[in-house]
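A look at the structure
Listed below, chain by chain, are the residues.
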Amino acid sequence: MTNQDRFKILRAMRDPDHWVIRMEYQDEKNVRTRRIVSPIRFTNAARTHLLALCCAREEPRMFFVNNIGPLTLEPAADFVMPHPVEEING
């Protein structure tokens, strides 16, 4: 994860009413998805895990930072929960 990506996550954390993150994520079964999350906090000092509200499940979920792919900062007003997870083929 780049410093720019961390900045985007921190911005969404500080202003969750206005910003969410669209990110690619690879789970423990190597399934790649694209999803919308509202970051809550990094769970440890090393910032290896991110707790975020998953807009598909409508509940908090833990994400391993090394498994997060490209991400963008998006206006929160553009998304309504539940927002479907998109599976990425290939």
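Higher on the page you've got the structure.
Since this is a predicted model, take the numbers as computed values, not measurements.

As for its placement among the helices and strands, Lys 8 is situated in helix H1 (residues 3–14). Residue Lys 8 is classed as partly exposed on the basis of its relative accessible area, which comes to 24%. Placed 11 residues apart in sequence, Lys 8 and Trp 19 show a C-alpha to C-alpha distance of 9.1 Å. Here Lys 8 is in contact with Ile 21, Leu 71 and Leu 73, once residues within four sequence places are set aside.

The next thing to look at is the state of the cysteines. This structure, assessed with the given rule, holds zero disulfides. Sulfur of Cys 54: no disulfide; nearest cysteine sulfur belongs to Cys 55 and is 6.8 Å away. According to the relative accessible area criterion, Cys 55 is buried, its value standing at 7%.

Another aspect to go through is the environment of Trp 19. Residue position: Trp 19 is located in strand E1 (residues 19–26). With 18 residues separating them along the chain, Trp 19 and Val 37 place their C-alpha atoms 9.5 Å apart. For Trp 19, the residues in contact, after removing those within four places along its chain, are Arg 11, Ala 12, Leu 73, Glu 74, Pro 75 and Ala 76.

For the rest of this paragraph, the subject is the pairing of E1. Two elements, E1 and strand E5 (residues 68–75), share six bridges in a ladder whose sense is antiparallel. For Trp 19, the partnering residue across the bridge sits in E5 and is Pro 75. Linking E1 to strand E2 (residues 32–42), which pair antiparallel, is a turn of five residues; within it Asn 30 sits at a positive phi near 65°.

Summed over the entire model, instances satisfying the criterion amount to one aromatic pair. Where Tyr 25 meets Phe 63, the ring centres are 5.0 Å apart and the plane angle is 85°; that geometry is what we call edge-to-face. Of the two residues, Tyr 25 is situated in strand E1 and Phe 63 in strand E4 (residues 59–64); the sequence distance between them amounts to 38 residues. Accessibility expressed as a relative area gives 0% for Phe 63, which makes it buried.

This part is about unusual backbone geometry. For the bond running from Met 81 to Pro 82, omega is -5°, close enough to zero to count as cis. You can see Pro 82 is positioned in the loop between E5 and strand E6 (86–87). Although it is not a glycine, Glu 58 sits at a positive phi angle of roughly 60°. Positionally, Glu 58 belongs in the loop between strand E3 (49–54) and E4.

Parameters at a glance
- Residues numbered from 1 in each chain as written.
- Predicted model: local features only at pLDDT ≥ 70, side-chain atom pairs only at ≥ 80, totals over all residues.
- Heavy atoms only, no water.
- Helix = DSSP H or I, 4+ residues; strand = E, 2+ residues; numbered from the N terminus.
- Buried < 20%, exposed > 50% of the residue type's maximum accessible area, 1.4 Å probe, protein only.
- Contact = heavy atoms within 4.5 Å.
- Disulfide = S-S within 2.5 Å.
- Pairing = 2+ DSSP bridges.
- Phe/Tyr/Trp six-rings, centres within 6.5 Å; stacked < 30°, edge-to-face > 60°.

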